[in-house]
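One letter stands for each residue in the lines below.
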Amino acid sequence: MSKRFNASVSTRIVAAACVLIASATLTGCGQDRDDGVYTVLNSSTDETYHRWDAEAMARCGKRLGITVEQQSVPAAQVMTKALRMASSRSLPDIVQFDASEMPTFAEAGGLIDLRTLGLSTRDIPRGIVDFGSYKGTYYGAARSVNTLALFYNKDVLRQAGMPVPTTWDELRASAKKLTRGKRYGLALSAGGAEDGVFQFLPFMWSNGGDERRLDGPRVAQALDFWKSLLKDGSLSKSTVSWTQADVNDQFMAGNAAMMINGPWQVETLNTDKSLHWGIARIPVPRAGAASVGPLGGAVLTVPNTGDAGRERMAGRIVACLSSEQEQLTYALNSWMVPANEKAAAVWRQRVPELQALAGQVAAARSRTAELGAGWSSVSLALQSAFQSALTGQSSQAALKRAQQRATSGN
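Rules behind the numbers
Residues numbered from 1 in each chain as written. Predicted model: local features only at pLDDT ≥ 70, side-chain atom pairs only at ≥ 80, totals over all residues. Heavy atoms only, no water. Helix = DSSP H or I, 4+ residues; strand = E, 2+ residues; numbered from the N terminus. Expected span 1.5 Å × (residues − 1). Bend = angle between axes of the 7 residues up to and from the residue. Buried < 20%, exposed > 50% of the residue type's maximum accessible area, 1.4 Å probe, protein only. Contact = heavy atoms within 4.5 Å. Core = buried A, V, L, I, M, F, W, Y, C linked by side-chain atoms within 4.5 Å. Pairing = 2+ DSSP bridges. Axes fitted to C-alpha atoms, helices over the stretch in contact; angles between N-to-C directions. Parallel < 35°, antiparallel > 145°, perpendicular 65-115°, else oblique. Left-handed = near helix turned anticlockwise from the far one by under 90°. pLDDT = per-residue confidence, 0-100. Phe/Tyr/Trp six-rings, centres within 6.5 Å; stacked < 30°, edge-to-face > 60°. Lys NZ or Arg CZ within 6 Å of the ring centre and 35° of its normal. Polar contact = N/O pair within 3.5 Å; in protein donor to acceptor, adjacent residues only side chain to side chain.

Q: Could you give me a rundown of helix α8 (residues 194–206), with the residues and numbers involved?
A: For α8, built from 13 residues, the straight-helix expectation of 18 Å at 1.5 Å per residue is met to within 8% by its first-to-last C-alpha distance of 19 Å. The axis of α8 is deflected most strongly, by about 35°, at Phe200, and proline Pro202 appears within four residues downstream. Burial within α8 is extensive, with 11 of its 13 residues counted as buried. Within α8 the residues assigned to the buried category are Gly196, Val197, Phe198, Gln199, Phe200, Leu201, Pro202, Phe203, Met204, Trp205 and Ser206. If you follow the buried residues of α8, they end up packed against α7 (168–178), α9 (217–232), α10 (244–252), β10 (256–261) and α16 (375–389). Of the residues trailing α8, Gly208 is marked for its positive phi of about 85°.

In C-alpha coordinates, the structure reads:
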(Lines give C-alpha, C1' and ligand atoms only; values in the text may rest on other atoms or scores of the structure.)
Protein backbone atom coordinates (compact mmCIF):
# COMPACT_ATOMS: atom_id res chain seq x y z
CA MET A 1 0.00 0.00 0.00
CA SER A 2 1.41 3.38 -1.02
CA LYS A 3 2.04 5.90 1.73
CA ARG A 4 2.03 9.65 1.10
CA PHE A 5 5.24 11.20 2.44
CA ASN A 6 5.85 14.68 3.77
CA ALA A 7 9.35 15.35 5.05
CA SER A 8 8.10 18.17 7.26
CA VAL A 9 6.32 15.63 9.50
CA SER A 10 9.44 15.11 11.61
CA THR A 11 9.94 18.87 12.00
CA ARG A 12 6.32 19.37 13.06
CA ILE A 13 6.56 16.55 15.60
CA VAL A 14 9.70 18.06 17.15
CA ALA A 15 8.11 21.53 17.21
CA ALA A 16 4.97 20.17 18.87
CA ALA A 17 7.07 18.21 21.33
CA CYS A 18 9.07 21.32 22.22
CA VAL A 19 5.89 23.22 23.07
CA LEU A 20 4.35 20.39 25.07
CA ILE A 21 7.50 19.47 26.94
CA ALA A 22 8.37 23.08 27.72
CA SER A 23 4.90 23.47 29.22
CA ALA A 24 5.43 20.41 31.40
CA THR A 25 8.93 21.21 32.61
CA LEU A 26 8.49 24.93 33.20
CA THR A 27 5.50 24.39 35.44
CA GLY A 28 6.69 21.19 37.08
CA CYS A 29 4.67 18.04 37.59
CA GLY A 30 0.99 18.69 37.18
CA GLN A 31 -0.31 15.91 39.38
CA ASP A 32 0.28 14.77 42.94
CA ARG A 33 2.56 11.76 43.04
CA ASP A 34 2.84 8.97 45.56
CA ASP A 35 6.42 9.27 46.81
CA GLY A 36 6.77 5.51 46.92
CA VAL A 37 5.32 4.67 43.50
CA TYR A 38 7.11 5.17 40.18
CA THR A 39 5.71 4.61 36.71
CA VAL A 40 7.32 3.23 33.53
CA LEU A 41 5.63 3.81 30.17
CA ASN A 42 6.57 1.02 27.75
CA SER A 43 5.28 -1.05 24.84
CA SER A 44 5.19 -4.40 26.60
CA THR A 45 1.62 -5.24 25.61
CA ASP A 46 2.50 -8.85 24.82
CA GLU A 47 1.59 -10.99 27.84
CA THR A 48 5.00 -12.59 28.24
CA TYR A 49 6.98 -9.37 27.83
CA HIS A 50 4.62 -7.59 30.23
CA ARG A 51 5.17 -10.33 32.79
CA TRP A 52 8.96 -10.31 32.37
CA ASP A 53 9.02 -6.54 32.83
CA ALA A 54 6.71 -6.71 35.83
CA GLU A 55 9.00 -9.26 37.49
CA ALA A 56 12.09 -7.13 36.82
CA MET A 57 10.38 -4.01 38.15
CA ALA A 58 9.29 -5.88 41.26
CA ARG A 59 12.88 -7.00 41.91
CA CYS A 60 14.25 -3.49 41.42
CA GLY A 61 11.46 -1.95 43.46
CA LYS A 62 12.19 -4.26 46.37
CA ARG A 63 15.90 -3.44 46.14
CA LEU A 64 15.19 0.31 46.17
CA GLY A 65 12.36 0.24 48.69
CA ILE A 66 9.71 1.55 46.29
CA THR A 67 7.00 0.26 43.94
CA VAL A 68 7.58 0.35 40.19
CA GLU A 69 4.54 0.01 37.95
CA GLN A 70 4.35 -0.25 34.18
CA GLN A 71 1.85 1.31 31.83
CA SER A 72 1.96 -0.48 28.49
CA VAL A 73 0.66 0.76 25.13
CA PRO A 74 1.35 -0.50 21.59
CA ALA A 75 4.80 0.49 20.33
CA ALA A 76 3.38 2.89 17.72
CA GLN A 77 1.60 4.81 20.49
CA VAL A 78 4.46 5.36 22.95
CA MET A 79 5.56 8.69 21.45
CA THR A 80 2.05 10.12 21.11
CA LYS A 81 1.14 8.91 24.60
CA ALA A 82 4.26 10.54 26.06
CA LEU A 83 3.46 13.82 24.28
CA ARG A 84 -0.12 13.81 25.56
CA MET A 85 1.14 13.15 29.07
CA ALA A 86 3.61 16.01 28.70
CA SER A 87 0.78 18.34 27.67
CA SER A 88 -1.16 17.44 30.81
CA ARG A 89 1.97 17.60 32.98
CA SER A 90 1.58 13.95 33.93
CA LEU A 91 4.73 12.45 32.43
CA PRO A 92 5.74 9.05 33.81
CA ASP A 93 9.01 8.74 35.68
CA ILE A 94 10.55 6.56 32.95
CA VAL A 95 9.69 6.13 29.28
CA GLN A 96 10.95 3.20 27.25
CA PHE A 97 11.23 4.54 23.70
CA ASP A 98 12.16 2.68 20.57
CA ALA A 99 15.70 3.96 20.03
CA SER A 100 14.76 5.40 16.63
CA GLU A 101 12.13 7.63 18.30
CA MET A 102 14.16 8.73 21.32
CA PRO A 103 15.99 11.59 19.46
CA THR A 104 12.67 13.35 18.77
CA PHE A 105 11.94 13.65 22.50
CA ALA A 106 15.56 14.53 23.22
CA GLU A 107 15.60 17.21 20.53
CA ALA A 108 12.64 18.82 22.27
CA GLY A 109 14.56 19.00 25.55
CA GLY A 110 12.40 16.41 27.21
CA LEU A 111 15.02 13.98 28.54
CA ILE A 112 17.64 13.96 31.29
CA ASP A 113 21.29 13.10 30.61
CA LEU A 114 21.60 9.71 32.32
CA ARG A 115 25.24 10.34 33.21
CA THR A 116 24.12 13.21 35.45
CA LEU A 117 21.94 10.67 37.28
CA GLY A 118 24.92 8.42 37.94
CA LEU A 119 24.57 5.87 35.14
CA SER A 120 27.81 4.54 33.69
CA THR A 121 28.50 3.35 30.15
CA ARG A 122 31.37 1.13 31.22
CA ASP A 123 31.16 -2.35 29.68
CA ILE A 124 28.76 -1.09 26.99
CA PRO A 125 30.10 -1.18 23.40
CA ARG A 126 30.49 2.19 21.71
CA GLY A 127 27.85 1.40 19.11
CA ILE A 128 25.26 0.66 21.79
CA VAL A 129 26.15 3.82 23.72
CA ASP A 130 25.57 5.74 20.48
CA PHE A 131 22.31 3.83 20.09
CA GLY A 132 21.04 5.50 23.27
CA SER A 133 22.60 8.90 22.64
CA TYR A 134 21.63 12.06 20.82
CA LYS A 135 24.21 14.65 19.82
CA GLY A 136 26.71 13.01 22.14
CA THR A 137 24.48 12.99 25.23
CA TYR A 138 23.53 9.66 26.77
CA TYR A 139 19.76 9.71 27.22
CA GLY A 140 18.76 6.05 26.82
CA ALA A 141 19.99 2.89 28.52
CA ALA A 142 19.44 -0.31 26.54
CA ARG A 143 18.80 -3.55 28.38
CA SER A 144 19.17 -5.57 25.21
CA VAL A 145 19.59 -5.01 21.51
CA ASN A 146 18.72 -6.92 18.40
CA THR A 147 19.33 -6.95 14.70
CA LEU A 148 18.40 -9.06 11.71
CA ALA A 149 19.84 -12.33 10.48
CA LEU A 150 19.19 -14.99 7.86
CA PHE A 151 17.02 -17.79 9.20
CA TYR A 152 16.91 -21.00 7.17
CA ASN A 153 15.13 -24.34 7.21
CA LYS A 154 17.89 -26.88 7.83
CA ASP A 155 15.93 -29.78 6.39
CA VAL A 156 15.08 -27.97 3.15
CA LEU A 157 18.66 -26.87 2.52
CA ARG A 158 20.03 -30.30 3.38
CA GLN A 159 17.61 -32.07 1.05
CA ALA A 160 18.58 -29.66 -1.74
CA GLY A 161 22.28 -30.27 -1.03
CA MET A 162 22.87 -26.56 -0.63
CA PRO A 163 25.13 -24.68 1.80
CA VAL A 164 23.93 -21.60 3.64
CA PRO A 165 24.45 -18.62 1.29
CA THR A 166 26.96 -15.97 2.30
CA THR A 167 26.95 -13.58 -0.69
CA TRP A 168 24.24 -11.94 -2.78
CA ASP A 169 25.03 -14.15 -5.76
CA GLU A 170 24.74 -17.25 -3.59
CA LEU A 171 21.54 -15.98 -1.97
CA ARG A 172 19.94 -15.29 -5.34
CA ALA A 173 20.94 -18.68 -6.74
CA SER A 174 19.84 -20.54 -3.61
CA ALA A 175 16.52 -18.71 -3.36
CA LYS A 176 15.77 -19.46 -7.02
CA LYS A 177 16.60 -23.14 -6.68
CA LEU A 178 14.64 -23.52 -3.43
CA THR A 179 11.49 -21.97 -4.91
CA ARG A 180 9.18 -24.91 -5.56
CA GLY A 181 5.37 -25.06 -5.74
CA LYS A 182 3.88 -22.91 -2.99
CA ARG A 183 7.29 -22.51 -1.33
CA TYR A 184 9.37 -19.42 -2.06
CA GLY A 185 13.12 -19.45 -1.63
CA LEU A 186 13.15 -16.38 0.59
CA ALA A 187 10.73 -14.26 2.59
CA LEU A 188 11.34 -10.70 3.75
CA SER A 189 9.35 -7.62 4.62
CA ALA A 190 9.32 -4.80 2.06
CA GLY A 191 6.13 -3.19 3.27
CA GLY A 192 5.45 0.52 3.52
CA ALA A 193 6.37 0.77 7.19
CA GLU A 194 9.45 0.77 9.41
CA ASP A 195 9.62 -3.04 9.18
CA GLY A 196 10.54 -2.77 5.50
CA VAL A 197 13.16 -0.09 6.08
CA PHE A 198 14.70 -2.10 8.92
CA GLN A 199 14.99 -5.10 6.57
CA PHE A 200 16.45 -3.06 3.71
CA LEU A 201 19.25 -1.49 5.75
CA PRO A 202 21.51 -4.59 5.91
CA PHE A 203 21.52 -4.67 2.11
CA MET A 204 21.99 -0.92 1.76
CA TRP A 205 24.67 -0.51 4.44
CA SER A 206 26.60 -3.68 3.57
CA ASN A 207 26.80 -2.33 0.01
CA GLY A 208 28.16 1.03 1.20
CA GLY A 209 24.88 2.92 0.84
CA ASP A 210 24.34 6.13 2.80
CA GLU A 211 21.07 7.29 4.35
CA ARG A 212 22.14 10.88 3.66
CA ARG A 213 22.14 10.17 -0.08
CA LEU A 214 19.26 7.90 -0.94
CA ASP A 215 19.76 8.42 -4.67
CA GLY A 216 23.34 7.17 -4.56
CA PRO A 217 24.34 4.19 -6.75
CA ARG A 218 25.05 1.90 -3.77
CA VAL A 219 21.50 2.29 -2.48
CA ALA A 220 20.07 1.68 -5.97
CA GLN A 221 22.16 -1.49 -6.32
CA ALA A 222 20.72 -2.83 -3.06
CA LEU A 223 17.16 -2.11 -4.17
CA ASP A 224 17.90 -3.62 -7.58
CA PHE A 225 19.00 -6.79 -5.79
CA TRP A 226 15.63 -6.99 -4.07
CA LYS A 227 13.95 -6.45 -7.44
CA SER A 228 16.01 -9.30 -8.95
CA LEU A 229 14.70 -11.70 -6.30
CA LEU A 230 11.15 -10.63 -7.11
CA LYS A 231 11.79 -10.98 -10.85
CA ASP A 232 13.16 -14.51 -10.32
CA GLY A 233 9.98 -15.48 -8.51
CA SER A 234 12.02 -16.20 -5.38
CA LEU A 235 10.02 -13.65 -3.38
CA SER A 236 6.25 -13.54 -3.10
CA LYS A 237 4.62 -10.49 -4.67
CA SER A 238 2.97 -10.05 -1.27
CA THR A 239 6.34 -9.07 0.18
CA VAL A 240 5.40 -5.43 -0.46
CA SER A 241 2.71 -5.69 2.21
CA TRP A 242 4.22 -8.17 4.66
CA THR A 243 5.30 -7.22 8.15
CA GLN A 244 8.10 -9.11 9.87
CA ALA A 245 5.46 -11.11 11.75
CA ASP A 246 3.91 -12.09 8.41
CA VAL A 247 7.32 -13.23 7.17
CA ASN A 248 7.74 -15.46 10.20
CA ASP A 249 4.27 -16.94 9.65
CA GLN A 250 5.20 -17.82 6.06
CA PHE A 251 8.47 -19.44 7.16
CA MET A 252 6.76 -21.51 9.84
CA ALA A 253 4.06 -22.60 7.42
CA GLY A 254 6.69 -23.99 5.05
CA ASN A 255 6.01 -21.30 2.46
CA ALA A 256 9.59 -20.01 2.57
CA ALA A 257 12.88 -21.87 2.79
CA MET A 258 14.73 -18.86 4.23
CA MET A 259 13.75 -15.55 5.77
CA ILE A 260 15.22 -12.30 7.00
CA ASN A 261 14.05 -11.74 10.57
CA GLY A 262 15.10 -11.09 14.13
CA PRO A 263 15.44 -12.89 17.47
CA TRP A 264 12.02 -11.75 18.67
CA GLN A 265 10.65 -14.57 16.49
CA VAL A 266 12.62 -17.33 18.25
CA GLU A 267 10.04 -17.99 20.97
CA THR A 268 7.39 -18.57 18.30
CA LEU A 269 9.70 -20.63 16.11
CA ASN A 270 10.45 -22.94 19.02
CA THR A 271 6.77 -23.79 19.46
CA ASP A 272 7.04 -26.00 16.36
CA LYS A 273 9.33 -28.86 17.38
CA SER A 274 9.26 -30.30 13.84
CA LEU A 275 10.79 -27.12 12.40
CA HIS A 276 14.58 -27.36 12.37
CA TRP A 277 15.90 -23.87 11.76
CA GLY A 278 19.33 -22.32 11.72
CA ILE A 279 20.63 -18.78 11.73
CA ALA A 280 23.43 -17.04 9.85
CA ARG A 281 24.64 -13.55 9.06
CA ILE A 282 22.81 -11.78 6.25
CA PRO A 283 24.63 -12.38 2.94
CA VAL A 284 26.83 -9.57 1.64
CA PRO A 285 27.35 -8.10 -1.86
CA ARG A 286 30.73 -9.75 -2.27
CA ALA A 287 32.90 -12.22 -0.37
CA GLY A 288 34.81 -10.56 2.45
CA ALA A 289 32.45 -7.61 2.85
CA ALA A 290 31.11 -6.80 6.31
CA SER A 291 27.48 -7.65 7.03
CA VAL A 292 26.19 -4.43 8.60
CA GLY A 293 22.67 -4.43 9.98
CA PRO A 294 20.61 -1.99 12.02
CA LEU A 295 20.56 -2.09 15.79
CA GLY A 296 17.05 -2.51 17.07
CA GLY A 297 15.49 -2.36 20.47
CA ALA A 298 14.34 0.10 23.07
CA VAL A 299 16.04 2.39 25.57
CA LEU A 300 14.99 3.44 29.05
CA THR A 301 14.87 7.23 29.45
CA VAL A 302 14.12 9.66 32.28
CA PRO A 303 11.82 12.52 31.20
CA ASN A 304 12.53 16.05 32.33
CA THR A 305 9.63 16.56 34.75
CA GLY A 306 11.14 19.32 36.87
CA ASP A 307 11.11 17.16 40.00
CA ALA A 308 14.80 16.55 40.69
CA GLY A 309 14.18 14.09 43.52
CA ARG A 310 11.97 11.82 41.45
CA GLU A 311 14.37 12.10 38.50
CA ARG A 312 17.24 10.86 40.68
CA MET A 313 15.20 7.86 41.85
CA ALA A 314 14.11 7.20 38.27
CA GLY A 315 17.79 7.10 37.34
CA ARG A 316 18.38 4.48 40.03
CA ILE A 317 15.49 2.41 38.64
CA VAL A 318 16.94 2.60 35.12
CA ALA A 319 20.35 1.60 36.50
CA CYS A 320 18.81 -1.43 38.18
CA LEU A 321 16.73 -2.52 35.18
CA SER A 322 19.78 -2.20 32.92
CA SER A 323 22.22 -3.84 35.34
CA GLU A 324 24.31 -6.79 34.19
CA GLN A 325 22.17 -9.45 35.90
CA GLU A 326 18.84 -7.95 34.89
CA GLN A 327 20.06 -7.66 31.29
CA LEU A 328 21.05 -11.31 31.25
CA THR A 329 17.72 -12.41 32.71
CA TYR A 330 15.78 -10.34 30.19
CA ALA A 331 17.91 -11.48 27.26
CA LEU A 332 17.58 -15.16 28.11
CA ASN A 333 13.81 -14.74 28.26
CA SER A 334 13.46 -12.70 25.08
CA TRP A 335 16.34 -14.11 22.97
CA MET A 336 17.72 -10.60 22.53
CA VAL A 337 21.41 -9.80 23.00
CA PRO A 338 22.44 -8.08 26.26
CA ALA A 339 23.83 -4.57 25.82
CA ASN A 340 26.40 -5.11 28.57
CA GLU A 341 29.52 -6.88 27.27
CA LYS A 342 29.93 -9.07 30.37
CA ALA A 343 26.30 -10.16 30.27
CA ALA A 344 26.61 -10.77 26.52
CA ALA A 345 29.59 -13.08 27.07
CA VAL A 346 27.53 -15.25 29.43
CA TRP A 347 24.56 -15.12 27.03
CA ARG A 348 26.71 -16.48 24.17
CA GLN A 349 27.64 -19.49 26.29
CA ARG A 350 24.01 -20.11 27.26
CA VAL A 351 22.55 -19.83 23.73
CA PRO A 352 25.31 -20.95 21.34
CA GLU A 353 22.74 -21.49 18.57
CA LEU A 354 22.46 -17.69 18.27
CA GLN A 355 26.19 -17.02 17.94
CA ALA A 356 25.67 -15.65 14.42
CA LEU A 357 23.24 -13.11 15.80
CA ALA A 358 25.77 -11.95 18.39
CA GLY A 359 28.30 -11.45 15.61
CA GLN A 360 25.77 -9.51 13.54
CA VAL A 361 25.01 -7.24 16.51
CA ALA A 362 28.71 -6.48 16.97
CA ALA A 363 28.82 -4.82 13.53
CA ALA A 364 25.34 -3.29 13.67
CA ARG A 365 24.62 0.44 13.53
CA SER A 366 22.04 2.78 15.01
CA ARG A 367 19.51 4.09 12.51
CA THR A 368 19.66 7.56 14.05
CA ALA A 369 23.45 7.85 14.43
CA GLU A 370 23.85 10.03 11.32
CA LEU A 371 20.56 11.91 11.20
CA GLY A 372 19.18 11.97 14.72
CA ALA A 373 15.56 13.16 14.76
CA GLY A 374 15.77 13.49 10.97
CA TRP A 375 15.74 9.70 10.58
CA SER A 376 11.95 9.55 10.45
CA SER A 377 11.91 11.62 7.25
CA VAL A 378 14.37 9.27 5.55
CA SER A 379 12.46 6.23 6.75
CA LEU A 380 9.22 7.49 5.28
CA ALA A 381 10.96 8.35 2.01
CA LEU A 382 12.41 4.84 1.74
CA GLN A 383 9.05 3.27 2.48
CA SER A 384 7.55 5.12 -0.45
CA ALA A 385 10.51 4.14 -2.67
CA PHE A 386 10.02 0.42 -1.95
CA GLN A 387 6.39 0.55 -2.93
CA SER A 388 7.22 2.27 -6.21
CA ALA A 389 10.30 0.26 -7.18
CA LEU A 390 8.93 -3.17 -6.33
CA THR A 391 5.74 -2.54 -8.27
CA GLY A 392 7.35 -1.40 -11.51
CA GLN A 393 9.27 1.87 -11.23
CA SER A 394 13.04 1.85 -11.68
CA SER A 395 15.09 1.90 -8.49
CA GLN A 396 16.94 5.00 -9.62
CA ALA A 397 13.72 6.95 -10.26
CA ALA A 398 12.12 5.82 -6.99
CA LEU A 399 15.18 6.71 -4.94
CA LYS A 400 15.67 10.04 -6.69
CA ARG A 401 12.15 10.95 -5.67
CA ALA A 402 12.81 9.65 -2.16
CA GLN A 403 15.87 11.90 -1.83
CA GLN A 404 13.86 14.90 -2.98
CA ARG A 405 11.18 14.14 -0.44
CA ALA A 406 13.69 13.65 2.35
CA THR A 407 15.36 17.01 1.69
CA SER A 408 12.59 19.29 0.45
CA GLY A 409 9.31 17.83 1.63
CA ASN A 410 7.80 18.09 -1.84
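Q: Give a detailed account of unusual backbone geometry, specifying residues and quantitative values.
A: Despite not being glycine, Arg89 shows a phi value in the positive range, around 55°. If you check the backbone angles, Asp123 has positive phi at about 70° while not being a glycine.

Q: Residue-level account of the nonpolar core, with values.
A: Counting residues in hydrophobic clusters, the biggest one holds 77 residues, and the most contacted among them are Phe97, Trp277, Ile317 and Trp347. Core analysis: the next-biggest nonpolar cluster, separate from the first, contains 48 residues, Leu188, Phe198, Val240 and Val292 among them.

Q: So what about the sheet that holds strand β11 (residues 277–280)? Which residues, and what values?
A: Overall, mixed pairing links the 4 strands, which are arranged β9-β10-β8-β11 in an open sheet. Two strands lie at the open edges of the sheet, namely β9 (184–187) and β11, each paired on one side alone. For this sheet, the mean inter-axis angle between neighbouring strands, taken without regard to orientation, is 20°. Examined bridge by bridge, strand β8 (residues 149–153) and β11 share 4 bridges and lie antiparallel to one another. Paired with Tyr152 across the strands is Gly278, a residue of β11.

Q: Account for the packing of α9 against helix α17 (residues 395–408), with residues named and values stated.
A: Between two packed helices, what matters for the description is the angle formed by their axes and the separation of those axes. At a closest axis distance of 9 Å, the pairing of α9 and α17 adopts a crossing angle of 130°. The angle between the axes of α9 and α17 places the two elements in the oblique class. Considering only the axes of α9 and α17, their crossing is right-handed. Taken together, the residues of α17 that come into contact with α9 (itself represented by Val219, Ala220, Leu223, Asp224 and Lys227) are Ser395, Gln396 and Leu399.

Q: Run through the sheet that holds strand β3 (residues 94–98), naming residues and quoting values.
A: Strand order in the open sheet made by the 5 strands is β2-β1-β3-β12-β6, with mixed pairing throughout. Strands at the two margins of the open sheet, each flanked by one partner only, are β2 (67–72) and β6 (141–142). Note that strand β1 (residues 37–42) and β3 share 2 bridges and pair parallel. Across the sheet, Leu41 pairs through a bridge with Val95, a residue of β3. The strands touched by helix α2 (residues 47–64) within the sheet are β1 and β2, with β2 carrying the most contacts at an inclination of about 160°.

Q: Any details on the confidence of the model for the chain? Residues and values, ideally.
A: Predicted confidence across the chain gives a mean pLDDT of 90, with 92% of residues reaching 70 or more. Between residues 26–30, whose pLDDT stays under 50, and residues either more than four places distant or in other chains, the model counts 7 contacts.

Q: Please provide a residue-by-residue account of the packing of aromatic side chains, values included.
A: For any pair of aromatic rings, the description rests on two quantities: the centre-to-centre distance and the angle between the ring planes. Tallying each qualifying case throughout the model produces 12 aromatic pairs. Arranged with centres 5.6 Å apart and planes meeting at 40°, the rings of Phe151 and Trp277 form a pair that is tilted. With Phe151 in strand β8 and Trp277 in strand β11, the pair connects residues that are 126 residues apart, well separated along the chain. For the pair Phe151 and Trp277, one class covers both residues: buried. By way of ring pairs, the aromatic residues Trp168, Phe200, Phe203, Phe225, Trp226 and Phe386 are connected into one cluster. The side chain of Arg143 reaches across the aromatic face of Tyr330, ending 4.1 Å from its centre. The side chain of Arg310 reaches across the aromatic face of Tyr38, ending 4.1 Å from its centre.

Q: Could you give me a rundown of the side chain of Ser379, with the residues and numbers involved?
A: Among the secondary structure elements, Ser379 is positioned in helix α16. Within polar-contact distance, the side chain of Ser379 engages the side chain of Glu194 at 2.3 Å. In this structure Ser379 touches Glu194 and Val197, once residues within four positions along its chain are discounted.

Q: Give me the environment of Tyr138: which residues, what numbers.
A: With respect to the helices and strands, the residue Tyr138 is situated in strand β5 (residues 137–138). By relative accessible area, Tyr138 is classed as buried at 3%. Spatially, the C-alpha atom of Tyr138 lies 37 Å from that of Phe225, the residues being 87 residues apart in sequence. Setting aside residues no more than four positions away along its own chain, Tyr138 makes contact with Ile112, Asp113, Leu114, Arg115, Thr121, Ile124, Val129, Gly132 and Ser133.

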